[in-house]
Number of protein chains: 4
Amino acid sequence: MTLDADQQAEIDAARAETRETGRATVPGLEAVLFQPFPVLDHGFVRVVDYMGDDSSIVQAARVSYGRGTRKVSEDAGLINYLMRHRHTSPFEMAEIKLHVKLPIFVARQWIRHRTASVNEYSARYSVLDREVYIPAAGHVAAQARDNKQGRAGALDETEAAEVLDILRADARRCHDDYEHMLNQDADGAPLDPARSGVARELARINLTLNTYPQWYWKVDLHNFMHFLALRAHPHAQYEIRAYARTLLDILDRWVPVTAAAFREHRLDGAHLSATALDVVRRLLAGDTVTREDSGLGRREWNELMAVLYPHDGSDA
Amino acid sequence: MTLDADQQAEIDAARAETRETGRATVPGLEAVLFQPFPVLDHGFVRVVDYMGDDSSIVQAARVSYGRGTRKVSEDAGLINYLMRHRHTSPFEMAEIKLHVKLPIFVARQWIRHRTASVNEYSARYSVLDREVYIPAAGHVAAQARDNKQGRAGALDETEAAEVLDILRADARRCHDDYEHMLNQDADGAPLDPARSGVARELARINLTLNTYPQWYWKVDLHNFMHFLALRAHPHAQYEIRAYARTLLDILDRWVPVTAAAFREHRLDGAHLSATALDVVRRLLAGDTVTREDSGLGRREWNELMAVLYPHDGSDA
Amino acid sequence: MTLDADQQAEIDAARAETRETGRATVPGLEAVLFQPFPVLDHGFVRVVDYMGDDSSIVQAARVSYGRGTRKVSEDAGLINYLMRHRHTSPFEMAEIKLHVKLPIFVARQWIRHRTASVNEYSARYSVLDREVYIPAAGHVAAQARDNKQGRAGALDETEAAEVLDILRADARRCHDDYEHMLNQDADGAPLDPARSGVARELARINLTLNTYPQWYWKVDLHNFMHFLALRAHPHAQYEIRAYARTLLDILDRWVPVTAAAFREHRLDGAHLSATALDVVRRLLAGDTVTREDSGLGRREWNELMAVLYPHDGSDA
Amino acid sequence: MTLDADQQAEIDAARAETRETGRATVPGLEAVLFQPFPVLDHGFVRVVDYMGDDSSIVQAARVSYGRGTRKVSEDAGLINYLMRHRHTSPFEMAEIKLHVKLPIFVARQWIRHRTASVNEYSARYSVLDREVYIPAAGHVAAQARDNKQGRAGALDETEAAEVLDILRADARRCHDDYEHMLNQDADGAPLDPARSGVARELARINLTLNTYPQWYWKVDLHNFMHFLALRAHPHAQYEIRAYARTLLDILDRWVPVTAAAFREHRLDGAHLSATALDVVRRLLAGDTVTREDSGLGRREWNELMAVLYPHDGSDA
């Protein structure tokens, strides 16, 4: 993550100023407001604004006239009840706004979540910085064989080093040529007065997918958790999971009671199919069940065994 | 509007408490936070929470690191530019949450706006108060002849009085019977121990459409203004327009610069069709144009004339 | 369900006409196209149009150039895989459009599903028929004690009969008064030339919530199944469940492979929380687990036992 | 546009097969079903499925039991009325599904339209073809000076040729390296058995933004037109406008009456602000109005003059 002095000064100025409000306020989130949380090699997530806290969920569920809270245990009970029974609308009643710097290939996965608002720093309008994502050597992995869209173990050192060299060289050359085609310096003045420079909206098509743009992203708490359930999942690509882990930390700070209920009922729970439930029932009745007579496919069987017997070693 | 003592005490308690925040704050909205604005005979709108102010729009449009504001005139210029060119995403970056009490027939129009979050006080779960909307005598109007879904002038006094008597009597009887079928007092104890009482979710089907439920409604600024453009429009039914007018007052308090741009470019502007534009061009060229040779239908012609010559009397 | 002769003739005419198309076609759905499926006492659901079939899901998942199908077993495997891993976007690629007649209190629950399109027959514009929902005697139930928004057993005959009398009488009177206030016959001519009649948008506020309006409702297959998962659920009110059951029949006709996967992985599956999973693991390890040391609340424990031991009697 | 023999054969097979249906059918669209319309150098748009026609809009607006149509002129009148008064819900009642091949930088603009469904051919899962967008020489333009996100005139031949050489060389090298890092041939076998090859989800980050992926895109008619209003607009980037023009041709084939109303009331109409309306009124009253006393900024004044006096030459 690389902030220049102006950016850091803007952040510091924003953090220095506070005001009185009658709205719900979260001290744990106020403490980190505007501060960048680093992600990957050049990315970050900053909390820019938020609306509501745990009490806002119970207040909305009760359609209260006042703060709407009762005893802490009653409020937590209601939040768990709502989460368990998938009463999602009260969780739409809190909102968060983030400033995110992320590689384009991550941004393309992220934007598939449609129930959010986005303002991207436009490369039609502005020149992008020379920042590209280069994975750490340990994340340069081979194609998984059993999962057509996953990674297997890390490549050997030599091949990984070659991959990193290629990624660096191609990104550097593409960015050099981007700047050359634009033919303008940081202030928009021509580098070479004999050339016109091509329009920004065209020059950018030469950039590689590991380039870092940035955007403001605003989402309600329900859809924030839905994003996390999909993107913190082991099937998600490592790079977007890195962002999801940071968002999960932010969730813990923002709405600790809701975050605990989310882990209990979503992240750390499991959905069992009708056939999987039948297997569980037969096992509880003392029957021996094999994959062959379970009615489950190989992958679903393995996943079920990993859920039921988590300490039995690998789930392969 | 009728708040009982408990409700008023809850509101007062919420208003008494303030905290420090680093977030954008709007003094004009803080001043009325939680307070009910009365609408119609028993309805209200209360601002329960909000996120962002005028500066949040420019901050998001610029994807800023800090507050994102520059000179006041530059910020206003940017907001007007965004509004004029229908760059809507920055206006999604502010959010408001309201507590609204409104008749069911208004709620059914309101809910058609899908890009918002709602928590309604459920009549499956709770018993509704005895409050129904009875129009003021001056609003008891005849069916419009030229507009199949509008009102003409007020009915004469006798017929209006009869209508009001009917509305009152039927609502009273339906509510009496609702309570009788429920067979429970305010604390849920049976009124008549010999009877079971019917389930709340069934008893409520006897209520009339002018009964007042209430809900929490949360929406972003862009969709808030879209709601206003449709529901503050003269074609909207009087009763929902009464709410829209109150929301427009709240908009003025919340984001005065955006509200002015919204009036300039939306509410007080006009959309002209290709043929209407052609009429304007011919008029400017000094031609005489009649409805017959304008290519416009009667209604569109009348609407255009009312836009072009607003002081020429009625638009009939 | 009551169709008049004109409506039946329109339906017959629509059913009589067929055309050639290159699009995916479902014979089982063509066979019932436009025909009303009766629901409750006056309601219905009609399939008015549809787009896509089971093969459209695999075609979209594979981004195919042609029909996109392979062997039937491979296609079914892919559909199950997508359903199990909640890859929802291919299921958005099929669409259905229904004409539904339903009581207002059901319509208000239905409309909360925002990811659908609706055109309602407007009572601002037209006069509503004299049709109201009166439950069958066996569905007139008492308030549940353990579930604040549910029904317990049926009321005794005398009390149920009284409830039905009240519902009928109040609905009849309200509708009589609605027509009286409108002061117009079926052709819009005044009943009493001495009176003006009140505007339709006002007269309708006197109707009760069991009145039957109707609408066109269009939704994609993913959101159709999401609707079913919530509204065919035992916690849903009986009356909307009656519609959900009919929609489930339509799902079976339309996309039989997807419908089977939906039952396997959603309707007949179960979601277990982290703590519930822990109980299952302890039980499988041969431990005795009581509710007290399970870490689960009473309701969640009962629900878990009902899932694990479905033949052990009541879940109370 | 480059289809291989297998793809062409799949399309031919799909086109050869027809079935009977009772649904609304559009002969003009059936005639081109599945056929690719070429866009840019390697892109295309194919109509893969559709639901509804012009009559579906009137049918939904009238909540009809049958086809819902009346005289052609009445139906066209209703469609124009709905379009003029922005009654958008009937236009949501028709749907279209397209297969689109488009450069990534275009896809990133396109996906900002959230009210649509998308299935993209995933580069996590499959290897992308070697196809990149290289603009025609006449479209290699300089940065506009007066519009920070637009293009001015074409570059001179020498500079344009250099830009094209750079784009071609960088894309070729990045794709070569992509294939090298993947280390697999078309069947997934290793090119060099001594190397593992890197996971597809990582290798793809080396591709440039002019690479062509493809997706299925499904949208309702209302949102299709909203997309066109924004993306066929002169302010949109040339490359997405090229797609929008093809979509507009498809609109004309699909729903000719709606398409004409869309041009009349949206594409070829204009929205005037309150101040612009005031200028028009003063001009019609015979006043002389200058930009300085108009109350309009320079750009809005120029745009207004271009609307009012389209034949007066340039709008600069």
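Rules behind the numbers
- Within any chain, residue numbers begin from 1 and follow the written order of that chain's sequence.
- Note on labels: chains are lettered from A, ligands numbered from 1, in written order.
- Reporting in this predicted model follows two pLDDT cut-offs: at least 70 for local features of residues, and 80 or more for side-chain atom pairs to be given and counted; totals over whole chains, interfaces and linings ignore these cut-offs and use all residues.
- Any two strands with at least two DSSP-identified bridges between them are counted as paired.
- Secondary structure elements are defined from DSSP: runs of H or I of at least 4 residues count as helices, runs of E of at least 2 residues count as strands, and each element is numbered from the N terminus.
- Angular values range over 0 to 180 degrees, each being the angle between N-to-C directions of two axes fitted as lines to C-alpha atoms, with helices fitted over their stretch in contact.
- For the purpose of contact definition, each residue receives a C-beta atom placed from its backbone, and two residues are in contact when these atoms lie within 7 Å.
- Our superposition of the copies is a least-squares fit, built on the C-alpha atoms of residues whose pLDDT is at least 70 in both.
- Here the word oblique covers every angle except those under 35 degrees (roughly parallel), over 145 (roughly antiparallel) and from 65 to 115 (roughly perpendicular).
- In this scheme the handedness of a crossing depends on how the near helix is turned from the far one: anticlockwise by less than a right angle means left-handed, clockwise means right-handed.
- Side-chain classes are defined by residue name, with Ala, Val, Leu, Ile, Met, Phe, Trp, Tyr, Cys and Pro counting as nonpolar, Asp, Glu, Lys and Arg as charged, and the others, Gly among them, as polar.
- Nonpolar cores are built from buried Ala, Val, Leu, Ile, Met, Phe, Trp, Tyr and Cys residues. These are joined into a set through C-beta atoms within 7 Å.
- In this scheme the burial state of a residue depends on its C-beta neighbours within 10 Å: 20 or more other such atoms mean buried, 12 or fewer mean exposed, and anything in between means partly exposed; the C-beta positions come from the backbone.
- The domain boundaries here were taken from an automatic or database domain assignment.

### Observations concerning the sheet that holds strand E4 (residues 95-101) of chain D
Residues and elements named next belong to chain D.
Move 1: Spatial strand order, E2-E3-E4-E8-E5: five strands in an open sheet with antiparallel pairing. Looking at strand neighbours, the two that pair on one side only are strand E2 (36-39) and strand E5 (117-120), the edges of this open sheet. Looking at each pair of strands side by side, their axes are set apart by 20 degrees on average, direction ignored.
Move 2: In this sheet, strand E8 (residues 214-220) lies alongside E5 in antiparallel orientation, the contact comprising four bridges. Along E8, the bridge assignment pairs Asn119 with Tyr216.
Move 3: Set on the sheet, helix H9 (residues 238-254) makes contact with E2, strand E3 (43-51) and E4; between it and E3 the angle comes to about 30 degrees.

### Some points on the relation of the copies chain B and chain C
Move 1: Each copy of the sequence occupies a distinct position, and chain B is placed on chain C by a rotation of 180 degrees and an axial shift of 0.0 Å, giving an RMSD of 0.0 Å. Viewed as a symmetry operation, the transformation between the two copies matches a two-fold axis. The position closest to the rotation axis in chain B is occupied by the C-alpha of Thr208(B), lying 2.1 Å away.
Move 2: With an isologous cut-off of 70% or more, the 100% of interface residues of chain B that recur at the interface of chain C puts this contact in the isologous class.

### Section: the packing of helix H8 (residues 221-231) of chain A against helix H9 (residues 238-254) of chain A
Residues and elements named next belong to chain A.
Move 1: Taken N-terminus to C-terminus, the directions of H8 and H9 make an angle of 140 degrees; their axes are 9 Å apart at the nearest point. With respect to H9, the axis of H8 lies oblique. As for how H8 packs across H9, the hand of that crossing is left-handed. Contacts from Phe224, Leu228 and Arg231 of H8 reach H9 at Ile240, Arg241, Ala244, Leu247, Leu248 and Leu251.
Move 2: Here the residues of the contact of H8 with H9 are counted per class, giving seven nonpolar, no polar and two charged.

### Describing the relation of the copies chain A and chain D
What relates the two chain copies is a rotation about an axis together with a slide along it.
Move 1: Each copy of the sequence occupies a distinct position, and chain A is placed on chain D by a rotation of 180 degrees and an axial shift of 0.0 Å, giving an RMSD of 0.0 Å.
Move 2: When the interface residues of chain A are mapped onto chain D, 100% of them again lie at the interface, so the same face is used by both copies.

### Quick notes on unusual backbone geometry
All names here are of chain B.
Move 1: If you check the backbone angles, Phe34 has positive phi at about 75 degrees while not being a glycine.
Move 2: If you trace the backbone, Phe34 turns up in the loop between helix H2 (27-30) and strand E2 (36-39).
Move 3: Unlike most non-glycine residues, Asn183 shows phi in positive territory, near 55 degrees.
Move 4: Its location among the elements puts Asn183 in the loop between helix H6 (157-182) and helix H7 (200-203).

### Looking at the nonpolar core
Move 1: Residues Ile57(A), Val198(A), Val198(B), Val198(C) and Val198(D) are the most contacted members of the largest nonpolar core, which totals 324 residues.
Move 2: For Val198(C), the residues in contact, after removing those within four places along its chain, are Val140(B), Ala142(B), Leu155(B), Val163(B), Met181(C), Leu182(C) and Ala203(C).

### A few points about the domain arrangement of chain A
Move 1: Per the domain assignment, the segments making up chain A are domain 1 (5-121 + 213-267), domain 2 (137-206) and domain 3 (274-308).
Move 2: Computed from C-alpha atoms alone, the centre-to-centre distance between domain 1 of chain A and domain 2 of chain A is 31 Å.

### Quick notes on the sheet that holds strand E5 (residues 117-120) of chain B
Two modes of strand pairing occur in sheets, parallel and antiparallel, and in both the strands are linked by backbone hydrogen bonds.
All names here are of chain B.
Move 1: Strand order in this open sheet of five strands is E2-E3-E4-E8-E5, and the pairing throughout is antiparallel. Strands with a single pairing partner mark the edges of an open sheet, and in this sheet they are E2 and E5. Strand-to-strand twist in this sheet, taken as the mean axis angle between neighbours without regard to direction, amounts to 20 degrees.
Move 2: Where helix H8 (residues 221-231) meets the sheet, it contacts strand E4 (95-101) and strand E8 (214-220), and its direction lies at approximately 115 degrees from that of E8.

### Considering the interface of chain A and chain D
Move 1: Between chain A and chain D, the residue contacts involve 43 residues of the former and 43 residues of the latter.
Move 2: Contributing elements (two or more residues each) for the side of chain A that touches chain D: strand E6 (141-143), helix H6 (157-182) and helix H7 (200-203) of chain A.
Move 3: When its residues are assigned to classes, the side of chain A that touches chain D shows 22 nonpolar, nine polar and 12 charged.

### Comments concerning the interface of chain B and chain C
Move 1: Between chain B and chain C, the residue contacts involve 43 residues of the former and 43 residues of the latter.
Move 2: Ranked by residue count, the leading element in the side of chain B that touches chain C is H6(B), at nine residues.
Move 3: Looking at the side of chain B that touches chain C residue by residue, the class counts come to 22 nonpolar, nine polar and 12 charged.

### So, the environment of Ala60(D)
Move 1: Assignment of secondary structure puts Ala60(D) in helix H3 (residues 54-61).
Move 2: Given 29 C-beta atoms within a 10 Å radius, Ala60(D) is considered buried.
Move 3: In the structure, Ala60(D) is positioned 29 residues away from Ser89(D) in sequence and 8.7 Å away in space, judged by C-alpha atoms.
Move 4: Beyond its immediate sequence surroundings of up to four residues, Ala60(D) is in contact with Asn119(C), Tyr216(C), Pro90(D) and Met93(D).

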